[in-house]
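Summary of the model geometry
Below, each chain spelled out in residue letters.
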Amino acid sequence: LENEMWNCWNSKKYTVCLHVGSRIRHLLDEELRLLSEKPCSVRLVHYQNFTTIVSLLRASTVLAQAFEKLRMYDKANAEFEHLISINCQLAPAHRRSFWYERAILNYGRHLKLPKKAFELAADVIQDNTFDYYFRQRIYDRVMQMNLVDEDCEKQLATNIQTALDETIEIDVEIPEKVISAPLLSKSMGTSVKTVFVIPQEHQFSCPSVEAVALNYYYQEEHFSKGLHSEGSIWLALFGLLCWNEIYDSTVEDVWISRYQTYPLDLYAGEMFWINRQKTFEKKFGTLQCLSVQVVFLLHRNLKSCEIVFAGHSVDASCLLA
């Protein structure tokens, strides 16, 4: 049923999604009833995506989004609020955060019910099962939509500060750089798209925020090159330098199919680190010992797999193994 729902969604058959979704809603309610009648079993976080309940939750999320596509925002929010009401131990936090965010947006922008949007936002900000960063994002969204009066704004600000104090301890100061550019708003039917404007000779360009940042560093900081990579460079380095640690076949309970492209615990928070801590620390220790010159030689001589390091012959492949 989940695959059927996704096929309808990808084909933009949103009305068909509603029919499939009615069957999914029935199965979800039945699965929740069965789970409530038996003791809660301890299950590794990274197994959640392979359980029936999470499959049904994913499909139910698509149902709510189909209502949104059909501009039936009241029914979409009825689905989102039903999902939100599910025991948080059964629903992964990143899915619950998505449900809350969509429901708040629908109440504030489309249904014109700012009080309901504020109530949901207040629930999120006081919910310590969400990390501070998501709660901060919800706070920012509510402020941007001008949903609250001054007293409510103070209440939310107090709650978000409490969440900050309880959740993280800031021990470093990150320098702030303000980059500004004129804005143009373009109507896109029921929504508005905001673009940045960079004046040029005889024309204006309307780039993305990343292009504005690159232009700033070219013009103001005199950088010669820049790249909007979405972190792909660091991810590539992580994959190349730590390939053996990431794909360590001796780690238990993370490989269940030959068709996996990554271990199940890769996105399971601290579990990924805990399962490989010793091997990662060994690798990082090796990398910290390498000078720039050695890294350069390693790059040049990797094919020969042998370089001279600190007076000793070293197998270059071992440095990355």
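First, a word on what this report is: a plain description of the structure on this page. (Residues numbered from 1 in each chain as written. Predicted model: local features only at pLDDT ≥ 70, side-chain atom pairs only at ≥ 80, totals over all residues. Heavy atoms only, no water.)

Regarding its fold elements, the protein presents 14 helices and six strands. Considering the protein as a whole, with its 321 residues, one finds that 34% of them fall into the buried category. In the protein, 48% of the contacts between residues at least 6 apart in sequence involve partners at least 24 apart. As displayed, the protein has an accessible area near 21,500 Å², and 54% of this comes from carbon and sulfur atoms. (Helix = DSSP H or I, 4+ residues; strand = E, 2+ residues; numbered from the N terminus. Buried < 20%, exposed > 50% of the residue type's maximum accessible area, 1.4 Å probe, protein only. Contact = heavy atoms within 4.5 Å. Areas by Shrake-Rupley, 256 points an atom, 1.4 Å probe, with all protein chains shown as cover.)

All right, on to the pattern of salt bridges then. Applying the stated criterion to the full structure yields 12 salt bridges. Ionic pairing is found between Glu81 and Lys116, a salt bridge with its closest N-O pair at 4.0 Å. One end of the pair, Glu81, is in helix H4 (residues 73-84); the other, Lys116, is in helix H6 (residues 114-126), with 35 residues separating them in the sequence. With a relative accessible area of 27%, Glu81 lands in the partly exposed category. Judged by its relative accessible area of 33%, Lys116 is partly exposed. Here Asp265 makes a salt bridge to Arg276, at a shortest N to O gap of 2.8 Å. Of this pair, Asp265 sits in the loop between helix H11 (243-246) and helix H12 (270-289) while Arg276 sits in helix H12; the two residues are 11 residues apart in sequence, bridging distant segments of the chain. For the residue pair Asp265 and Arg276, the accessibility class agrees, reading buried in each case. Among the charged side chains, a network of salt bridges with common partners joins Arg25, Asp29 and Glu79. (Salt bridge = Lys/Arg side-chain N within 4 Å of Asp/Glu carboxyl O.)

Turning to the packing of helix H5 (residues 93-110) against helix H7 (residues 132-144), a few remarks are in order. Interaxial distance between H5 and H7 falls to 11 Å at its minimum, and their mutual angle equals 5°. Considering their axes alone, H5 and H7 lie roughly parallel with respect to each other. For the pair formed by H5 and H7, the contact residues are Ser97, Tyr100, Glu101, Ile104 and Leu105 on the first element and Phe134, Arg137, Ile138, Arg141 and Val142 on the second. For the contact of H5 with H7, the residue count by class is six nonpolar, one polar and three charged. (Axes fitted to C-alpha atoms, helices over the stretch in contact; angles between N-to-C directions. Parallel < 35°, antiparallel > 145°, perpendicular 65-115°, else oblique. Nonpolar A, V, L, I, M, F, W, Y, C, P; charged D, E, K, R; others polar.)

With that settled, consider the packing of helix H1 (residues 2-10) against helix H3 (residues 52-69). Remark: H1 packs on H3, axes separated minimally by 9 Å, with the N-to-C direction vectors making an angle of 25°. What the angle tells us is that H1 and H3 run roughly parallel. For H1 against H3, the interelement crossing comes out left-handed. Contacts between H1 and H3 involve Glu2, Met5, Trp6 and Trp9 from the first element and Ser55, Arg58, Ala59, Val62, Leu63, Gln65, Ala66 and Lys69 from the second. Its residues assigned to classes, the contact of H1 with H3 comprises seven nonpolar, two polar and three charged. (Left-handed = near helix turned anticlockwise from the far one by under 90°.)

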